[in-house]
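# Structural features, examined
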Amino acid sequence: MAQPPRNRPHLWIEGGGDTERYTRPPQKIETQGPPARNRRGHADALTAAIGEAIIAGHDQIAAREDNIAEGIPGFYLEMQISPNQWEALKSLGNRKQHIEVVTVKPMPEGAGEQVIEATVFIPETAEAYFRDKVTAYRNEDTRNGNPKNQTLVASLDTVRIASVQSLFTDPPELYPANRQVVWWEVWLRKGTWDRFVRVVGRLNVQRKDHTISFREREVTLVLANEETMSRIVRNCDAVAELRIAKDTPALFMQLGPAEAVNWTDDILHRIAAPGGDSPSVCLLDSGVTQAHPLIQPALDLLDMHTYDPAWGTGDTVPQWMGHGTAMSGLALYGDLQPHIVGTALVALSHKLESVKILPPAGQNDPDLYGDITRQAVASAEIQAPDRQRVVCMAVTSAPVPSGHPSSWSAAVDELCFDEDNRRLVILAAGNIRDGIDPAVYPNRNDVMPVEDPAQSWNALTVGAFTEKVNVIDPAYAGWEPVAPSGEISPASRTSNGWQRQWPVKPDVVFEGGNYATDAGAPAEPIDDLQLLTTHSRPNIRMFDVMGDTSAATALAANLAGRIMAARPELRPETVRGLIVHSAEWTPAMFAQIEGQSKTQMEAMLRRYGYGVPDFGRALMSAMNDLTLMVEDELTPFEKSGSNAKTRDMKVHRLPWPTDALTELGEMEVQFRLTLSYFIEPNPGERGWSRRHRYASHNLRFAVKHATESLAEFRRRINKVAREEEEGLPVGPVAADKWLLGPKIQTRGSIHSDWWSGSAADLAERDAIGIFPVGGWWKEKPYLGRADTATRYSLIVSIKAPGAVTDIYTPVANQIAVPVVVG
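## Concerning the packing of helix 11 (residues 369–383) against helix 12 (residues 407–417)
At a minimum axis distance of 8 Å, the contact between helix 11 and helix 12 shows a crossing angle of 25°. Classed by the angle they form, the pair helix 11 and helix 12 counts as roughly parallel. Where helix 11 crosses over helix 12, the handedness of that crossing is right-handed. The residues of helix 12 that touch helix 11, namely those facing Tyr369, Gly370, Thr373, Arg374 and Val377, are Trp408, Ala411, Glu414 and Leu415. Of the residues that constitute the contact of helix 11 with helix 12, the class distribution is five nonpolar, two polar and two charged.

## Topic: the confidence of the model for the protein chain
When pLDDT is low, close inspection of the predicted coordinates is not appropriate. Summary statistics for the protein chain give a mean pLDDT of 87 and a share of 91% for residues scoring 70 or more. A low-confidence stretch, residues 1–20 (pLDDT under 50), is modelled with 14 contacts involving residues beyond four sequence positions or located in other chains.

## Considering the pattern of salt bridges
Close approach of charged atoms lets side chains of opposite charge pair. Enumeration according to the criterion identifies 49 salt bridges in this entry. Note that glutamate 680 and arginine 785 form a salt bridge whose closest N and O atoms lie 3.0 Å from each other. Pair noted here: glutamate 680 is in the loop between strand 27 (668–676) and strand 28 (699–703) and arginine 785 is in the loop between helix 23 (776–779) and strand 31 (790–799), with a separation of 105 residues, a long-range link. Relative accessible area serves as the criterion here: at 18%, glutamate 680 is assigned to the buried category. Accessibility expressed as a relative area gives 19% for arginine 785, which makes it buried. Here the salt bridges do not stand alone but share partners, grouping Glu100, Arg189, Arg195, Arg217 and Asp237 into one network.

## Quick notes on helix 17 (residues 598–608)
An α-helical segment advances 3.6 residues per turn. Residues three or four places apart therefore align on the same side. Burial analysis of helix 17 places eight of its 11 residues in the buried class, which makes it a mostly covered element. Inspection of helix 17 places Met601, Glu602, Ala603, Met604, Leu605, Arg606, Arg607 and Tyr608 among the buried residues, and these make up the whole buried set. Looking at the buried side of helix 17, the elements it contacts are helix 13 (443–446), strand 18 (487–488), strand 19 (508–511), helix 16 (587–593) and helix 21 (742–745). Where helix 17 ends, the next residue or the one after it, glycine 609, has phi of about 60°, a positive value.

## Overview of the sheet that holds strand 8 (residues 239–244)
Across a sheet, paired strands are connected by hydrogen bonds in the backbone, their directions being either parallel or antiparallel. Taken in spatial order, the four strands of this open sheet run 6-7-5-8, and their pairing is antiparallel. Only two strands of the sheet have a single partner each, and these edge strands are strand 6 (212–213) and strand 8. Sheet analysis places strand 5 (residues 182–189) next to strand 8, joined by five bridges and oriented antiparallel. Bridge pairing in strand 8 links leucine 188 to valine 239. Where helix 4 (residues 193–202) meets the sheet, its contacts fall on strand 5, strand 7 (217–224) and strand 8, and the angle it forms with strand 7 comes to roughly 5°. Contacting strand 5, strand 7 and strand 8, helix 5 (residues 226–235) runs over the sheet at an angle of about 140° to strand 7.

## Examining the nonpolar core
In terms of nonpolar packing, the biggest core is built from 89 residues, with Ile426 and Phe543 touching the most fellow members. With 10 residues, helix 14 (residues 548–566) is the largest single contributor of residues to this core. Those residues within four positions of isoleucine 426 in sequence are excluded, and the remaining contacts are Val390, Val391, Cys392, Met393, Leu460, Val462, Thr553, Ala556, Ala557 and Ala560. Core analysis: the second largest hydrophobic core is formed by 43 residues, Val400, Trp656, Tyr694 and Ala803 among them.

## Quick word on the pairing of strand 15 (residues 424–428)
The two faces of the sheet receive side chains in turn, since in a regular strand these alternate between them. Within strand 15, five of the five residues are buried, which leaves the element mostly enclosed by the surrounding structure. Neither face of strand 15 is open: one carries Leu424, Ile426 and Ala428, the other Val425 and Leu427, and all of them are buried. Here strand 14 (residues 389–393) pairs with strand 15 via four bridges, running parallel. Counterpart to methionine 393 in the pairing with strand 15 is leucine 427. This β-α-β element, strand 14 to helix 12 to strand 15, shows right-handed connectivity. Relative to strand 16 (residues 460–466), strand 15 is paired through three bridges, and the arrangement is parallel.

## Describing the packing of helix 14 against helix 15 (residues 572–581)
Contact geometry for helix 14 and helix 15: axes closest at 10 Å, N-to-C directions at 120°. As the angle between them shows, helix 14 and helix 15 are arranged oblique. Taken as a pair, helix 14 and helix 15 cross one another with a handedness that is right-handed. Seen from helix 14, the contacting residues are Leu559, Ala560, Ile563 and Met564; seen from helix 15, they are Val575, Leu578 and Ile579. Residue composition of the contact of helix 14 with helix 15, by class: seven nonpolar, no polar and no charged.

## Regarding the pairing of strand 31
Burial within strand 31 is extensive, with eight of its 10 residues counted as buried. With 10 bridges connecting them, strand 23 (residues 625–634) and strand 31 associate as antiparallel partners. Across the sheet, methionine 629 pairs through a bridge with isoleucine 795, a residue of strand 31.

## Side note on the sheet that holds strand 31
In space, the four strands of this open sheet follow the order 23-31-27-29, with antiparallel pairing throughout. The open sheet terminates on both sides in strands that have one partner only, identified here as strand 23 and strand 29 (750–758). Averaged over all pairs of adjacent strands, the angle between their axes in this sheet comes to 15°, without regard to strand direction. Where strand 27 lies against strand 29, nine bridges are found, and the strand directions are antiparallel. Bridged to glutamine 670 within strand 29 is serine 756. Across the face of the sheet, helix 15 comes into contact with strand 23, strand 27, strand 29 and strand 31 while running at roughly 30° to strand 31.

## So, the side chain of threonine 788
Looking at where threonine 788 falls in the secondary structure, it is placed in the loop between helix 23 and strand 31. Of note is the side chain of threonine 788, whose polar atom sits 2.8 Å from the backbone oxygen of arginine 785. Filtering out sequence-adjacent residues up to four positions away, threonine 788 remains in contact with Glu419, Thr635, Pro636 and Trp777.

## A few points about the side chain of glutamine 290
Relative to the elements of secondary structure, glutamine 290 occurs in the loop between strand 10 (280–285) and strand 11 (304–306). Its relative accessible area of 15% is what places glutamine 290 among the buried residues. When neighbours within four sequence positions are excluded, glutamine 290 is seen to be in contact with Ile295, Gln296, Leu299, Leu301 and Met304.

## Here we look at helix 1 (residues 39–62)
Compared with the 34 Å implied by 1.5 Å per residue over 24 residues, the 34 Å span of helix 1 between its first and last C-alpha is a close match. Among the residues of helix 1, His42, Ala43, Leu46, Ala49, Ile50, Gly51, Ala53, Ile54, Gly57 and Ile61 are the ones counted as buried. Taken together, the buried residues of helix 1 touch strand 1 (74–81), helix 2 (129–139), helix 3 (150–153) and strand 4 (156–161).

## Remarks on the packing of aromatic side chains
Following the criterion strictly, the structure yields 21 aromatic pairs and no others. Seen from their ring centres, tyrosine 129 and phenylalanine 130 are 5.0 Å apart, and the 85° between their planes marks the pair as edge-to-face. Pairing phenylalanine 252 with tryptophan 263 gives two aromatic rings, centres 5.4 Å apart and planes at 90°, and the pair type is edge-to-face. Taken as a pair, phenylalanine 252 in helix 6 (residues 249–253) and tryptophan 263 in helix 7 (residues 257–268) lie far apart in primary sequence, 11 residues in all. When sorted by exposure, phenylalanine 252 lands in the same class as tryptophan 263, which is buried. Among the aromatic side chains, those forming a connected cluster through ring pairs are Trp585, Phe590, Tyr610 and Trp754. Over the ring of tyrosine 137 we find arginine 39, and its NZ or CZ is 6.0 Å from the ring centre.

Procedures and definitions
Residues numbered from 1 in each chain as written. Predicted model: local features only at pLDDT ≥ 70, side-chain atom pairs only at ≥ 80, totals over all residues. Heavy atoms only, no water. Axes fitted to C-alpha atoms, helices over the stretch in contact; angles between N-to-C directions. Helix = DSSP H or I, 4+ residues; strand = E, 2+ residues; numbered from the N terminus. Parallel < 35°, antiparallel > 145°, perpendicular 65-115°, else oblique. Left-handed = near helix turned anticlockwise from the far one by under 90°. Contact = heavy atoms within 4.5 Å. Nonpolar A, V, L, I, M, F, W, Y, C, P; charged D, E, K, R; others polar. pLDDT = per-residue confidence, 0-100. Salt bridge = Lys/Arg side-chain N within 4 Å of Asp/Glu carboxyl O. Buried < 20%, exposed > 50% of the residue type's maximum accessible area, 1.4 Å probe, protein only. Pairing = 2+ DSSP bridges. Core = buried A, V, L, I, M, F, W, Y, C linked by side-chain atoms within 4.5 Å. Right-handed = clockwise from strand over helix to strand, strands pointing away. Polar contact = N/O pair within 3.5 Å; in protein donor to acceptor, adjacent residues only side chain to side chain. Expected span 1.5 Å × (residues − 1). Phe/Tyr/Trp six-rings, centres within 6.5 Å; stacked < 30°, edge-to-face > 60°. Lys NZ or Arg CZ within 6 Å of the ring centre and 35° of its normal.

So, in structure tokens, the structure goes:
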């Protein structure tokens, strides 16, 4: 277990003592010499063993893959040294010949003395080094009459080719067996980081971006099984040591009260509280324990509310198991574990607000939840009317088999659309509650529909995925994770059973932890595979664990709060759009999507949403990675007599880096477009035909073709709008080279898709059209909304992976995005 932080200063004593010369007493040095050996026999045995190891090393070098390998060709030797012969280790390395001792570990040998096992990297050019040492030991003496190299050679028991397990320095019981994919802690030889990254990238192996640097080592995390790790080691000279990434919540759940307080005190000394004008995450849940020391800096007593004053505002422990306080910790900090084990400043970007909507006993009437949600949001807004906030709710009700709106989901849509006060609401997709059977994962997730009110069009609905696969707790030795890293979390629900006219849900996925199983035993959400957060009873325990879509939803709210703090001028529609736009599928998800039919692609979209969002991608561009944002509005329709007709479209001429893209020529680039807007709901079970549409309006996007003039582009969009107006089937707007295509990208009120093609082709695609295609504002003009304007947010990105051309600066030097009103 990690040790509590040293957060107390050493005691200081003023100087002034007398200085004396240190006199060393005579030393009696006791050493244990090398074991007695049959010199010739021992040398012959070692020569044979080294020869076999070198042959095996040649095979490994020959197996290096030319299009992958980097660094000095070589191999690793595992050397077993007699017990207590630590002096021999000094003779194993040779800097001039680039021979390096990478690991040393005592190996248990019964209850007696321990054999020392050392692993050494040997460049191909120095393969004869140890064989020559043994030959000199066999045939030559020193001037004192002892065999040459006696300290080293006489201490060697045997030498053999090393394996991945030779580099593994954790206890043997933690070694991942049976092709288990885990997060490895990879310790790299200094100066080898760049080539290691290239090798891992060529092997399509997932790794974490962050590293820890020491004087002689750099440490990173890599997701792999033993076979893949063997390929990495074989193709790169970088790896010095392997361990299992093992800072899991279980370590902190086992802390005693005093230890937990020490860890909490340390993080409290590093917290920078949010400022007075910071945005907030408004939690609609079971209440919050405001007295928790990690919650207090961000939650004022005035910002604690309740739907029913008789309930109080604090968290209800017996009924809801401290759910609201656990949500608070994640919404405020994200996963607490990195902050606890780290030493950096913890700057809180946003505040918390809490509205208790769950009763301390019993359940609310499901029919009341729409009104409860409205009143809960209103109570927070009355207290702080000028504060920006994201509303976060992980409370769900019954599953939604078909995707139809409910009174609750429609109330959420109204809250978001409110023309006087647009709001960002984040909802959980809901969890599978009747046990997790590993035998039917993940197919069962696809038939377990999202729960009410997560079918809301305007809310950001969050599902759960997981990267947590390392089981460290000895109590669960032999247990394996249910979900592979990068896949859907075992309890997360999907919208695969819905009718296809309804939105894709979840919109995105965040970390929701994993379950573990042991040879047919029911799967359990063990502590190792959950997220660390705050406990509702800090007088008993400081830390708790949380998982599933509740944890994922809290993390989504955390991201939204950080975006609002960084860019307070952005509309709620834009914040939602940025979260979706920044989402990417993990390699495991993309493997299920790449090359599939559009039908199968939509099924995976309804499982994973648009993927896993990222704060850096949401707000930052790179030299070869450019993102543009546009916030605008249009009036989709206008009343014409007793009817309504289409009125506006808009064409955005983008400040494209045309010269830079043209310079890249046929290099493949990616272009992503996300359109985010809120609809006004019109609920009621009336068949959802053309005249009974739920959405007030729908918007579409189109991108100018490379060979199209602007006038031709406008005519193409107008044709689509006329087809919609005349009730004809709307043809595809732009199906060329789009990953999802128009039939999938047009569900709901947020649309996102990827285009791939040559940079030269993209250079001429410098205009985007936004236009309406119907809704009840148009179909029911007698309701008086036909002339209503609507806002939208448009986000576009260009990625030129591997390009050194600067596509960012040419655009940054341009002042504005001109708009042509159609």
